[in-house]
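Observations on chain architecture
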Amino acid sequence: MRLLRKFLVLIGIFFVVCLVFSFTEQPYWGYHWLGTSKAELKWEPKTIILLGGGGMPSQSNLMRSWYTEKAAKSFPASKVLVAMPGLLSDSLSTPQLMKSELELRGVSAERIAFEPEGTNTRSQALNCRGIIKMQESILLVTSPEHMRRAVLAFKKVGFEKVNALPAFENAAEADFSFTDNELGGNSILIPDVGNNINMRYQMWNHLKYEILIAREMVALSYYKLRGWI
């Protein structure tokens, strides 16, 4: 029981620390660092690699598809490689739906190829070696928290020219503040929250970033120990 109490106390302390940090800018900058620390564009890419991150539709895949389409239009001579496991003979499989999404956005089907076997970043990088020449420049498109690991993993298997495009969300330009009492309803003895954007949105986003950062730091540590990065 004493050991359990100590464990619960540690969990409580950890939660309080995370909550305190959620009111600061540090979670965002940690998330930003994962997305930009290895993100660069030094070479015109021969192949844009869209690293799949979930089903279709999903927030991660739709965001990555949006950025891939922008990159494909910026580099019209490049090929697009969809790296997502799935059955290519099934038109409703995730990689085929990702291809359809790119086509809807104006990327021609002739430019799109697949890497449908890799089930993690390491295996995707290994499999891409059999599709793309190692000396050719590539552009990785993935979520910000995954970008650092992806770049390091592709460099580890021998790719020499690795560009990166993190799929960051864009903040809305609208002012979401409001005056609570103007909206009717019950009058309650707590402060109005209509003008407190930090309490309504930012704190919760930062808690999400903290989870993403923690998960990715564990993944980076594992990849490092395995010699994959």
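A short tour of the structure in this document, coming up. These numbers come from a predicted model, not from an experiment.

1. Notes on helix α6 (residues 144-156)
Relative to the 18 Å expected for 13 residues at 1.5 Å per residue, α6 spans 19 Å between its end C-alpha atoms, a close match to the ideal helical length. Taking burial as the measure, the 13 residues of α6 include ten buried ones, the bulk of the element. Listed in full, the buried residues belonging to α6 are P144, E145, H146, M147, R148, R149, A150, V151, A153 and F154. Within two residues after α6, G158 carries a phi angle of roughly 120°, on the positive side.

2. Quick notes on the nonpolar core
Core analysis: the largest hydrophobic core is formed by 28 residues, its most contacted members being I48, V80, V82, M98, L102, V107 and I112. The set of elements that each furnish at least two residues to this core consists of α2 (26-36), β1 (47-51), α3 (59-74), β2 (79-83), α4 (94-104), β3 (112-115), β4 (137-142) and α7 (197-226). Among the elements that line this core, the one with the most residues is α7, at four residues. Counting residues in hydrophobic clusters, the runner-up holds 17 residues, among them L140, A150, V151 and F159.

3. Topic: the pattern of salt bridges
Counted according to the given criterion, the structure contains six salt bridges. As a salt-bridge pair, E40 and K42 come within 3.8 Å of each other at their nearest N and O atoms. Linking R149 and E216 is a salt bridge whose minimum nitrogen-to-oxygen distance equals 2.5 Å. Of this pair, R149 sits in helix α6 while E216 sits in helix α7, and the two are 67 residues apart along the sequence. Salt bridges sharing partners connect three or more residues here, namely E69, K70 and K73.

4. A few points about the environment of L140
You can see L140 is positioned in strand β4. Taking the C-alpha atoms as reference, L140 lies 9.2 Å from F154; in sequence the two are 14 residues apart. Beyond its immediate sequence surroundings of up to four residues, L140 is in contact with I49, L51, M147, A150, V151, F154, V162, N163, A164 and L165.

5. Some remarks on the side chain of S22
Here S22 lies in the loop between α1 (2-21) and α2. On the basis of relative accessible area, S22 is assigned to the buried category, the value being 0%. Polar side-chain contacts of S22 include one of 2.5 Å to the backbone oxygen of L19. Setting aside anything within four residues of it in sequence, one finds S22 in contact with P27, Q202, M203, H206, L207 and E210.

6. Brief notes about the environment of L102
Mapped onto the secondary structure, L102 falls in helix α4. It is 35 Å that separates the C-alpha atoms of L102 and Q26, two residues lying 76 residues apart in sequence. L102 has contacts with L50, S65, T68, E69, V80, V82, V107 and I112, leaving out every residue within four places of it along the chain.

7. Focus: the pairing of strand β5 (residues 161-166)
Each regular strand shows side chains that alternate between the opposite faces of the sheet. In this sheet, β5 lies alongside β4 in parallel orientation, the contact comprising six bridges. Across the sheet, the residue bridging to V141 is L165, located in β5. Following the chain from β4 across α6 to the adjacent parallel β5, one finds a crossover that is right-handed.

About the criteria used
- Residues numbered from 1 in each chain as written.
- Predicted model: local features only at pLDDT ≥ 70, side-chain atom pairs only at ≥ 80, totals over all residues.
- Heavy atoms only, no water.
- Helix = DSSP H or I, 4+ residues; strand = E, 2+ residues; numbered from the N terminus.
- Expected span 1.5 Å × (residues − 1).
- Buried < 20%, exposed > 50% of the residue type's maximum accessible area, 1.4 Å probe, protein only.
- Core = buried A, V, L, I, M, F, W, Y, C linked by side-chain atoms within 4.5 Å.
- Salt bridge = Lys/Arg side-chain N within 4 Å of Asp/Glu carboxyl O.
- Contact = heavy atoms within 4.5 Å.
- Polar contact = N/O pair within 3.5 Å; in protein donor to acceptor, adjacent residues only side chain to side chain.
- Pairing = 2+ DSSP bridges.
- Right-handed = clockwise from strand over helix to strand, strands pointing away.

Coordinates in, geometry out; function isn't part of it.
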